[in-house]
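Coordinate inspection notes
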Amino acid sequence: MPAFLAIDLGATNMRAAVVEGPKVLARVSTPTRAWEGPSAVVRRMVDLTRDLALSHPVPVAALGIAAPGPLDPVRGLIFKAPNMPDFKEEPVAEVLSEALGLRTFLINDADAAALAEHRYGAGRRRRHMLYLTISTGIGGGIVVHGQLVRPDIGMAGEVGHIVVDVNGDRCGCGRQGCLEAMASGRAIAQRARSLIDNGVPTLLAQMEAEQGTHVSAETVVAAAQQGDAIAIGILNRAAFYLGVGLVSLLHVLNPDVVVLGGGVMAAGDLILEPARAEIHRRALHERYAHIPIERAKLGDDAGLIGAGLWAGRCLSKGAKKLAAE
Ligand SMILES: [Zn+2]
């Protein structure tokens, strides 16, 4: 199995790795510093990857880059990215390819994670998989017959912006009641913030004071695990909307499995059980309610592993053909 270089470009940190199938052989990371602008970010990607290649000199077949969309994998452009507002049709793949002398392929980060989970993680041996990553925001990827659905512009699988409450909270995208506005890590933290500010008695206020940082989804999960009723209520509310969103997606896609990744899923059954209950309540047919909903298995490495997988598939089939499938 050939090795690949892989980059996972995040809003806070960028990571680079040498990957071989599901194995990460070596890894490095550095802050993204998106505010310095696209050319500085791209230069940092080049430096990071070059340093990695020098310190871990194994033959690699190509470079795969997982990045926030929307983007164009065929032309290797990042159009724009949340928290990286200055990106405008950045020819990231071309710049990296020329600098490193290596064929380079670009893919949406949620699609990359979906590919990895489908090939090596919780979606193994399933033909059709719906993948959601629930962290600060909510992203997704859809695998049908083992292939990603419309990776060409990274604009399919935007499951975070399906509307689950027409009167719901305002989303980062500017619209109202998106799944991301109701069930993401940011939504969970905002809900906790408003309850604390309203003086609701909860362990969260105490934890926030002790940690000296603003309450986060992680704090809510930790408090819920200690039995705090308010924190459990916040997770129940997020899980309710997750269930509402998922049941619609199940009706549309009828996948063999749903895989949920991202930091919020550290909550495990505290989110999964109430979400499943909501799906049971709303499913059109019991068949939908029995579709397995599983936690992702590859953790933070899914993007890197998926970027390597994508590069391998593009090498053998061509990005254009893959994207059009
Ligand atoms: Zn939205």
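All of the points below concern the structure found in this document. (Residues numbered from 1 in each chain as written. Predicted model: local features only at pLDDT ≥ 70, side-chain atom pairs only at ≥ 80, totals over all residues. Heavy atoms only, no water.)

Of all hydrophobic cores here, the largest spans 51 residues; its most connected members are L132, L204, V220, L242 and L246. It is helix α8 (residues 229-253) that provides the largest number of residues to this core, a total of 12 residues. I107, M129, V143 and A307 belong to the second largest nonpolar core, which has 30 residues in total. (Core = buried A, V, L, I, M, F, W, Y, C linked by side-chain atoms within 4.5 Å. Buried < 20%, exposed > 50% of the residue type's maximum accessible area, 1.4 Å probe, protein only. Helix = DSSP H or I, 4+ residues; strand = E, 2+ residues; numbered from the N terminus.)

All right, on to the packing of helix α3 (residues 109-120) against helix α11 (residues 302-317) then. α11 packs onto α3 with a crossing angle of 85° between their chain directions and a minimal axis gap of 7 Å. Accordingly, the angle class assigned to the pair α3 and α11 is roughly perpendicular. When α3 is examined against α11, the residues A112, A113, L115, A116, E117, R119 and Y120 are found in contact with a partner set consisting of A302, G303, I305, G306, A307, L309, W310 and R313. Of the residues assigned to the contact of α3 with α11, the class counts are 10 nonpolar, two polar and three charged. (Axes fitted to C-alpha atoms, helices over the stretch in contact; angles between N-to-C directions. Parallel < 35°, antiparallel > 145°, perpendicular 65-115°, else oblique. Contact = heavy atoms within 4.5 Å. Nonpolar A, V, L, I, M, F, W, Y, C, P; charged D, E, K, R; others polar.)

Right, let's get into the coordination of the zinc ion. Within the protein, the zinc ion binds to H161 (ND1), C171 (SG), C173 (SG) and C178 (SG); these donor distances fall in the range 2.0 to 2.4 Å. The coordination sphere of the zinc ion comprises four donor atoms, whose angles at the metal cover 105 to 117°; the geometry is tetrahedral. In primary-sequence terms, the residues that donate to the zinc ion follow H-x9-C-x1-C-x4-C. As far as the burial class goes, C171 and C178 line up, both buried. (Donors = N, O, S within 2.8 Å, 3.2 Å for Na, K, Ca; no water. Tetrahedral: all angles 85-135°; square planar, octahedral: opposite > 155°, others 65-115°.)

Once that is clear, we can look at the sheet that holds strand β8 (residues 129-134). Read across the open sheet, the five strands follow the order β10-β9-β8-β11-β12; overall the sheet is mixed. One side of each edge strand has no neighbouring strand; the edge strands of this open sheet are β10 (147-148) and β12 (293-295). As judged from the five bridges shared by β8 and strand β11 (residues 257-261), these two strands associate in the parallel manner. Counted as the bridge partner of L130 is V258 from β11. In the packing of α8 onto the sheet, contacts are made with β8, β9 (138-144), β11 and β12, and the angle to β8 comes to roughly 155°. (Pairing = 2+ DSSP bridges.)

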